[in-house]
Amino acid sequence: MRFIALDVETANPDMSSICQIGIVHFQDGKPVETWSSLVDPQDYFDDVNVSIHGIEKEDVCGAPIFKQISAEINRRVEGQVVAIHTAFDRSAITQATSRHGTTPPECFWLNTASVARRAWPEVAQRGYGLAPLAVKLGIEFKHHDAAEDARAAGMILVRAMTEMGLDLVGWMDRVKGPIDPSHDGSVARDGNPEGPLYGEVVAFTGSLVIPRHEAADRAARAGCETSNGVTKHTTLLVVGDQDIHMLNGHEKSNKHRKAEELIAKGKPIRILTETDFLSMVAQR
């Protein structure tokens, strides 16, 4: 069982202002390699951010800029499951690659805060931050050092796999469902008749960056009728970006396969990535 844990610190509220990155390689439940680097964000350092991580502008003098280490980041995470605690780190990497015109990493993101909320009911609504979780689980680390935070996130995932009996692929699937499995997770909506996509019937599958209910709300505002499953009436299937590619041979979702079967029978269903879907519903 192999995965990567990643964490970043930023110089200011702009998520692309990465000033430190830490990557920890895990093998068979143990950290086996650590790589970290200070990064010159070519941006200002906000006092609030400095008060959190202690990194100041003088500390990154002579450090590489993100563009110079982007290839190294990609080399380390390519094709791997990458554990992050909350969606912040993924967004920061995405924003930084866009800002610097570099190639985004090809990996499979797994939010360990989402894992924890499903693994331990007592932290489902609160207490799932990295620091309180580490205390709860007895994980010692130096908070707000990127490599240390990455290691802690990785250890949380290891504990969840061990205690819940779910492997890496199992957790990749589990975080796509509701925190409480007894909840039906309905995302059915009626479409806004004034929306530009009125008449389309959309379903969602895979791991989305935004919550499924929010995706359904955006679709409905754009005019789509949203449903929980793929039927002969479905016209759009939105698939999480990372789920377009198979995870170590892991099969496509039932919805994805059913949509492909209906397409083969002549049904006019268009399969979209989440990115393309969000671009479409944002159009006016």
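For the structure, see preceding data.
Throughout what follows, the structure given in this document is the object of discussion. (Residues numbered from 1 in each chain as written. Predicted model: local features only at pLDDT ≥ 70, side-chain atom pairs only at ≥ 80, totals over all residues. Heavy atoms only, no water.)

### With respect to the packing of aromatic side chains
At step 1: In this structure the tally under the stated criterion is two aromatic pairs.
At step 2: An angle of 5° between the planes, with centres 4.7 Å apart, marks the rings of F3 and F26 as stacked. Here F3 is found in strand 1 (residues 2-10), whereas its partner F26 is found in strand 2 (residues 18-27), with 23 residues between them in sequence. Grouping residues by exposure puts F3 and F26 together as buried.
At step 3: Their ring planes at 80° and their centres at 5.5 Å tell us that F204 and F277 sit as a pair that is edge-to-face. Taken as a pair, F204 in strand 6 (residues 201-205) and F277 in helix 10 (residues 274-282) lie far apart in primary sequence, 73 residues in all.
At step 4: The ring of Y128 has R117 lying over it, and the distance from NZ or CZ to the ring centre is 4.6 Å. (Phe/Tyr/Trp six-rings, centres within 6.5 Å; stacked < 30°, edge-to-face > 60°. Helix = DSSP H or I, 4+ residues; strand = E, 2+ residues; numbered from the N terminus. Buried < 20%, exposed > 50% of the residue type's maximum accessible area, 1.4 Å probe, protein only. Lys NZ or Arg CZ within 6 Å of the ring centre and 35° of its normal.)

### Some points on the pattern of salt bridges
At step 1: Going through the model one piece at a time under the given rule, you end up with nine salt bridges.
At step 2: The closest approach of N and O atoms between R76 and E33, which form a salt bridge, is 3.0 Å. Placement of the pair is R76 in helix 2 (residues 66-77) and E33 in strand 3 (residues 30-38), with a sequence separation of 43 residues.
At step 3: Under the relative-accessibility criterion, R76 is labelled buried at 11%.
At step 4: For E33, a relative accessible area of 37% gives the class partly exposed.
At step 5: The salt bridge involving R218 is made with E214; its shortest N-O contact spans 2.6 Å. Taken together, the residues span about one helical turn, with R218 and E214 both in helix 8 (residues 212-221) at a distance of four residues. (Salt bridge = Lys/Arg side-chain N within 4 Å of Asp/Glu carboxyl O.)

### A closer look at unusual backbone geometry
At step 1: In the Ramachandran plot, D28 falls in the positive-phi region, its phi being about 55° despite a non-glycine side chain.
At step 2: As for its position among the elements, D28 is in the loop between strand 2 and strand 3.
At step 3: Of note in the backbone geometry, T86 takes a positive phi value of approximately 75° without being a glycine.
At step 4: Among the structural elements, T86 can be located in the loop between strand 4 (81-84) and helix 3 (88-100).
At step 5: The class of T86 is partly exposed, set by a relative accessible area of 31%.

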